[in-house]
Amino acid sequence: RKEVEQDPGPFNVPEGATVAFNCTYSNSASQSFFWYRQDCRKEPKLLMSVYSSGNEDGRFTAQLNRASQYISLLIRDSKLSDSATYLCVVANFGNEKLTFGTGTRLTIIP
Amino acid sequence: GAVVSQHPSWVICKSGTSVKIECRSLDFQATTMFWYRQFPKQSLMLMATSNEGSKATYEQGVEKDKFLINHASLTLSTLTVTSAHPEDSSFYICSAIPLGSYEQYFGPGTRLTVT
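The notes below deal with the structure included here.

Rules used throughout
Residues numbered from 1 in each chain as written. Chains lettered and ligands numbered in written order. Predicted model: local features only at pLDDT ≥ 70, side-chain atom pairs only at ≥ 80, totals over all residues. Heavy atoms only, no water. 1 Å grid on protein atoms, 1.4 Å probe; cavity = no way out; pocket = protein on both sides within 12 Å on 5 of 7 lines; lining within 4 Å. Points joined across faces, edges and corners; volume = space filled by probe spheres on them. Helix = DSSP H or I, 4+ residues; strand = E, 2+ residues; numbered from the N terminus. Nonpolar A, V, L, I, M, F, W, Y, C, P; charged D, E, K, R; others polar. Pairing = 2+ DSSP bridges. Axes fitted to C-alpha atoms, helices over the stretch in contact; angles between N-to-C directions. Core = buried A, V, L, I, M, F, W, Y, C linked by side-chain atoms within 4.5 Å. Buried < 20%, exposed > 50% of the residue type's maximum accessible area, 1.4 Å probe, protein only. Contact = heavy atoms within 4.5 Å.

A word on the layout of surface pockets. In this structure, the largest pocket encloses a volume near 770 Å³. A:Thr85, A:Arg105, B:Pro40, B:Lys41 and B:Gln42 are the residues nearest the centre of the largest pocket, which is lined by 27 residues in total. For the lining of the largest pocket, the secondary-structure elements that each account for two or more residues are β9 (84-91) and β11 (104-109) of chain A together with β9 (90-97) and β11 (110-114) of chain B. No other element matches β11(A), which puts four residues into the lining of the largest pocket. By volume, the second largest pocket amounts to about 480 Å³. Lining the second largest pocket are 22 residues; nearest its centre among them are A:Glu3, A:Thr99, B:Leu44, B:Met45 and B:Leu46. For the lining of the second largest pocket, the elements supplying multiple residues, two or more each, are β10 (98-100) of chain A together with β5 (45-51) of chain B. Taken together, the residues of the lining of the second largest pocket sort by class into nine nonpolar, eight polar and five charged.

Written out as structure tokens, the structure reads:
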């Protein structure tokens, strides 16, 4: 079983729609959780950290369920610029060793 | 903000040759840098943790004699792919954590093609 699992997609979503991604992780000792976005042939960039209480950053909302070892990302009012691959990332002690999911590819359709 | 550069951004080499990739933190110091590899449509896989002034720590399955890492200063780590083969063709990405911070900043990546 992979340490971090994501639905690879692709998700093709009309502009303005709401889209949700899910991710599960296998290591119950994981302490830190993140969503990164990666554009084609580019490096990953931190989108947001994920906190136990859930957190929101503009149109993006992240949720964490430690009991189910499940992380989610919700994007509201999607924009064309949201088209990218979204990577679920977990870390154990500290935030040094990051384990990446394979990513979920999102395409926003005009 | 924290900027990490990599050089070269892409390289094509012949099988059997060695290639050196540089990772630099431009506006901060980092005692720890990381090297990742990403094959097409796959996730980033951590290859090794590079520690300034000491030996790198390699992940299971990564050959330390093939992927030589040198972290000679607080702003520079190098990865040398020795005796490269076509199966080493990949996207190599480094990252660094500024002193006193916890966030990793990624370099733009180096695309290696071995013919």
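Our next topic: the sheet that holds strand β8 (residues 76-81) of chain B. All names here are of chain B. With antiparallel pairing, four strands are arranged side by side in an open sheet as β1-β3-β8-β7. A single partner strand is all that each edge strand has here, and the edge strands are β1 (4-7) and β7 (67-73). The average undirected angle you get between the axes of adjacent strands in this sheet is 15°. In this sheet, β8 lies alongside strand β3 (residues 19-25) in antiparallel orientation, the contact comprising six bridges.

Moving on, we come to the sheet that holds strand β3 (residues 19-25) of chain A. All names here are of chain A. Strands sit in the order β1-β3-β8-β7-β6 across an open sheet of five strands; the sheet is antiparallel. Two strands bound the open sheet, and with one partner strand each, they are β1 (4-6) and β6 (55-57). Ignoring which end each strand starts from, the neighbouring axes of this sheet average 20° apart. In this structure, strand β7 (residues 60-65) lies alongside strand β8 (residues 70-75), joined through six bridges in antiparallel fashion. Within β8, the position partnered with Gln63 by the bridge is Ser72.

If you look at the biggest cluster of nonpolar residues, it comprises 24 residues, and the most contacted ones within it are B:Trp35, B:Phe67, B:Leu79, B:Tyr92 and B:Leu112. Breaking this core down by element, the ones donating at least two residues are β2 (10-13), β3, β4 (32-38), β5, β7, β8, β9 and β11 of chain B. Contact partners of B:Tyr92, with chain neighbours within four places excluded, come to B:Gln6, B:Ile21, B:Tyr36, B:Arg37, B:Met47, B:Phe67, B:Leu79, B:Gly109, B:Thr110 and B:Leu112. Core analysis: the next-biggest nonpolar cluster, separate from the first, contains 22 residues, A:Tyr25, A:Phe33, A:Ile71 and A:Cys88 among them.

Time to look at the pairing of strand β4 (residues 32-38) of chain A. All names here are of chain A. The buried count for β4 comes to seven of seven residues, which makes it a mostly enclosed element. With burial as the criterion, each face of β4 is covered, one bearing Ser32, Phe34, Tyr36 and Gln38 and the other bearing Phe33, Trp35 and Arg37. Direction of pairing for β4 relative to β9: antiparallel, over a ladder of seven bridges. Its bridge partner lying in β9, Arg37 is registered against Tyr86. As paired elements, β4 and strand β5 (residues 44-50) share six bridges and run antiparallel to each other. The residue bridging Phe34 from the neighbouring strand is Ser49, located in β5. Hairpin connection between β4 and β5: a loop of five residues separates the two successive antiparallel strands, and Arg41 in this loop has a positive phi of roughly 65°.

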